[in-house]
Structure formats: C-alpha cells, structure tokens
Amino acid sequence: MATQDEMKRMAAEKAVEFVPENEYIGIGTGSTVNFFIEALAKSGKTIKGAVSTSKESSALMAKLGIPEITLGDLSGKLAVYIDGADEVNHMLQMIKGGGGALLNEKIVASASEKFVCIADETKYVSRLGKFPLPVEIIPHARSLVARKLLAFGGQPELRIGFTTFNGNAILDVRGINIDRPVTLEDQLNNIPGVVENGIFGHNAADVLVLGTQEGVKVIKPGQD
C-alpha cells in the first residue's frame, strides 16, 4: 500500500512530462512541489528558468541547480505552472495557502499558459471546504475582516506567529460555504483589508496529476 509521500512523489515525477524544454516555467510551494523540484533536477530537462513562489522553493531550486528568474524578467507568459493544492475538486478548483504563499501562487498561476496541479488522492474532493480557507489580510484590518467573515458564516482564526512573504497576516476560516467557489472568491476579495484568499476558482488547474493507490491518474476538469 502506497504511503501519502509515495503518492505525492508519483504525481510529482509524472508532472515533469508536462514541462517543455527551453521555456520559462512557474514552480509552487509545498511538500509535493519539493518532490517535483527534485524530479525536475534529476530529469535532465533544460529550462530557461523558473519563477518561484516561496523562499523554501527558491532554496531547493538553488541547491539543485535550477535557475531562478522573476516575473519582472519576462515579457510574455510562463509556459506552465506546477503546484500542489490543499484541496482540489472535480472542476479542478482548489483551496491553496496552507503554506501561506497563496498570493504569490495566484500571481504566478495567472501569469502562466497552463496550470498543472499535482496532488495525492487525499486532496481530491467532491466539495471544497473541509480544509480551512486561508485569507491573507492587512494586519491592522484583522478585526474588521474577521467580523465580515463571520457574516459569511465562517469561523476565522488568526494564524499565530506567521507572517506572509509580503508582510501580511493570515486568517484561516473554517465552516464557510464554498459551493460557488468563483463567486465567493470575488466576494471575499471585495472586503476592504483582504489582500487575497485561497480559493483558486478563476485560476483553476487545467490538468490534475493525481497520485493514487492504483498509480498516477491524469484528470481534466469535470472528469470524475
């Protein structure tokens, strides 16, 4: 029986096939992405450079010799963005931000031609919302935003001792109804003091590479 890490590794190794040679790509954040970075380095594939979404990913890329660039270095879009998810539904909409890099991840996803999500089968759900929804906020707006989130039916909790890459705070919200991910994504981002939230509805994945007990599955939106 495959462990969760083994399923993550299977998905990460398969995702290397989606990386075109001699192009710029985006690389996300998290444990599954770490397996991807290692697999990419071992693959021998040549890329022009990669935009990273976190210091942790940048450090591993540097260690393994993967060249890093910034979005400011580019005139066009990234060929592909590879990242994980905390939850992903059958339309390949996601909750992301468990590692706190949701703002950078959404920026890089929107700058990419194709989004390939890599995950293990425990992350594949029919309905988003069991995983707490991260909401990145301006710190001094915490009380205001928390009250607004309560009005949406959520239970916000400050992520203690955590500051995002951009110097902001995160409220992790439990119990909020995410039956309409794109609508809620917009509604939450319209709250003054909210910088970004972890619903990836507008930036849903184009492909899901899922590590399962039966091996790796490549899933398109709406394909159960």
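Refer to the structure printed above.
In short, a report on the structure. As the structure is a prediction and not an experimental result, all values here were calculated from the model.

Some thoughts on the sheet that holds strand β10 (residues 169–174)
Spatially, β9-β10-β8-β11 is the arrangement adopted by the 4 strands of the open sheet, whose pairing is antiparallel. At either margin of the open sheet sits one strand with a lone partner, and together these are β9 (155–158) and β11 (194–197). Pairwise comparison of adjacent strand axes, ignoring direction, gives a mean angle of 30 degrees for this sheet. Its contacts with the sheet place helix α4 (residues 102–110) against β8 (133–137), β10 and β11, and it is angled at close to 65 degrees to β11.

Quick notes on the environment of R159
Looking at where R159 falls in the secondary structure, it is placed in the loop between β9 and β10. Judged by relative accessible area, R159 falls into the buried class, the value being 16%. Remark: the alpha-carbon pair of R159 and A169, spanning 10 residues in sequence, is separated by 7.3 Å. Contacts of R159, omitting those with residues within four sequence positions, involve G97, G98, G99, G100, P134, I170 and D172.

Details of the packing of aromatic side chains
In this structure the tally under the stated criterion is 1 aromatic pair. Ring centres 5.0 Å apart and planes at 50 degrees place the aromatic pair Y81 and F115 in the tilted group. One end of the pair, Y81, is in strand β4 (residues 80–83); the other, F115, is in strand β7 (residues 115–120), and 34 residues separate them in sequence. The two residues Y81 and F115 agree in class, both being buried. A cation over an aromatic ring shows up here: K96 above the ring of F200, its NZ or CZ 5.5 Å from the ring centre. Against the face of F162 rests R159, its NZ or CZ located 5.1 Å from the ring centre.

Let's talk about the nonpolar core
What tends to happen in soluble globular proteins is that the nonpolar side chains get buried as a cluster. The biggest cluster of nonpolar side chains holds 24 residues, and the ones touching the most others in it are I25, I27, F36, I37, L40 and I118. The set of elements that each furnish at least two residues to this core consists of α1 (4–15), β1 (24–27), α2 (31–43), α3 (55–63), β4, β7 and β13 (207–212). In terms of residues, this core owes the most to one element, α2, which gives 6 residues. Residues within four places of I118 in sequence aside, it is in contact with A11, A12, A15, T32, V33, F36, I82, D83, G84, A85 and V209.

Observations regarding the sheet that holds strand β2 (residues 49–52)
The strand order β3-β2-β1-β4-β7-β13-β14 describes an open sheet built from 7 strands, whose pairing is mixed. Of all strands in the sheet, those bounded by a partner on one side alone are β3 (68–69) and β14 (215–219). When β4 meets β7, the two strands line up parallel, connected through 3 bridges. Across the sheet, Y81 pairs through a bridge with F115, a residue of β7.

Quick notes on unusual backbone geometry
Positioned with a positive phi, N22 is a non-glycine residue whose angle comes to about 55 degrees. Located in the positive-phi region is L92, a residue other than glycine, with phi close to 65 degrees.

Some words on helix α6 (residues 181–189)
P181, L184, E185 and L188 are the residues of α6 that are buried. In a view along the axis of α6, the buried residues occupy a sector of 105 degrees, so they form one face of it. Buried residues belonging to α6 abut α4, β8, α5 (142–151), β11 and β12 (199–200).

With respect to the pairing of β1
When β1 meets β2, the two strands line up parallel, connected through 4 bridges. Following the sheet pairing, I25 is matched in β2 by A50. A crossover connection joins β1 to the parallel β2 through α2; in handedness this β-α-β unit is right-handed. Two elements, β1 and β4, share 3 bridges in a ladder whose sense is parallel. Bridging from a neighbouring strand, I27 pairs with I82 of β4.

Looking at the packing of α1 against α2
Two quantities define a packed helix pair, namely the angle between the helix axes and the distance between the axes. Interhelical geometry of α1 versus α2 gives an angle of 45 degrees and a closest axis separation of 8 Å. Here α1 lies oblique to α2, going by the angle between them. Where α1 crosses over α2, the two elements pack in a sense that is right-handed. Contacts from D5, K8, R9, A12, E13 and A15 in α1 reach S31, T32, F35, F36, E38 and A39 in α2. Grouping the constituent residues of the contact of α1 with α2 by class yields 5 nonpolar, 2 polar and 5 charged.

Conventions and cut-offs
Residues numbered from 1 in each chain as written. Predicted model: local features only at pLDDT ≥ 70, side-chain atom pairs only at ≥ 80, totals over all residues. Heavy atoms only, no water. Pairing = 2+ DSSP bridges. Helix = DSSP H or I, 4+ residues; strand = E, 2+ residues; numbered from the N terminus. Axes fitted to C-alpha atoms, helices over the stretch in contact; angles between N-to-C directions. Contact = heavy atoms within 4.5 Å. Buried < 20%, exposed > 50% of the residue type's maximum accessible area, 1.4 Å probe, protein only. Phe/Tyr/Trp six-rings, centres within 6.5 Å; stacked < 30°, edge-to-face > 60°. Lys NZ or Arg CZ within 6 Å of the ring centre and 35° of its normal. Core = buried A, V, L, I, M, F, W, Y, C linked by side-chain atoms within 4.5 Å. Arc of directions from axis to C-beta. Right-handed = clockwise from strand over helix to strand, strands pointing away. Parallel < 35°, antiparallel > 145°, perpendicular 65-115°, else oblique. Left-handed = near helix turned anticlockwise from the far one by under 90°. Nonpolar A, V, L, I, M, F, W, Y, C, P; charged D, E, K, R; others polar.

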